[in-house]
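# Understanding the architecture of this molecule
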Amino acid sequence: MNFYEHHLGDYMRNTAHLSLLEHGAYRRLLDVYYTREEPIPDSQAERLVCARSQEEREAVRIVLSEFFTLEDGAWRHSRCDEEIERYRDKQE
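Treat the numbers as computed from the prediction; the structure is a model and nothing was measured.

## What to know about the pattern of salt bridges
Overall, the coordinates contain 9 salt bridges when judged by the stated rule. Note that Arg36 is salt-bridged to Glu38, the shortest N-O span being 3.2 Å. The partly exposed category is assigned to Arg36, whose relative accessible area is 32%. Measuring nitrogen to oxygen at the nearest pair gives 2.5 Å for the salt bridge that ties Arg61 to Asp42. Separated by 19 residues along the polypeptide, Arg61 in helix α4 (residues 54-67) and Asp42 in the loop between β1 (40-41) and α3 (45-48) bring together distant segments of the chain. Overlapping salt bridges, with partners in common, bring together Asp10, Arg13, Arg79, Glu83 and Arg86 in one network.

The rules behind each value
Residues numbered from 1 in each chain as written. Predicted model: local features only at pLDDT ≥ 70, side-chain atom pairs only at ≥ 80, totals over all residues. Heavy atoms only, no water. Salt bridge = Lys/Arg side-chain N within 4 Å of Asp/Glu carboxyl O. Buried < 20%, exposed > 50% of the residue type's maximum accessible area, 1.4 Å probe, protein only. Helix = DSSP H or I, 4+ residues; strand = E, 2+ residues; numbered from the N terminus.

That's the geometry; what it means functionally is another story.
Right, dumping it as structure tokens:
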């Protein structure tokens, strides 16, 4: 996918408590998820979003644990899955 809707009200309502670094981690995780159109492998999560410092890696883990679900070694996001499914339905 090269495009997804970003609902500002929904995003701010659910993420207002995040630090600036955590916001960046979350948006990068979403971009990776949508670009790959699949869950994010746990073993590659930090690498895929270019989290290099300990603080960045911790922010990624905080966001993953709060907004994603770990299933079979990969992080799933229910809203992303719904949007990807809608996108694929339109492609057919």
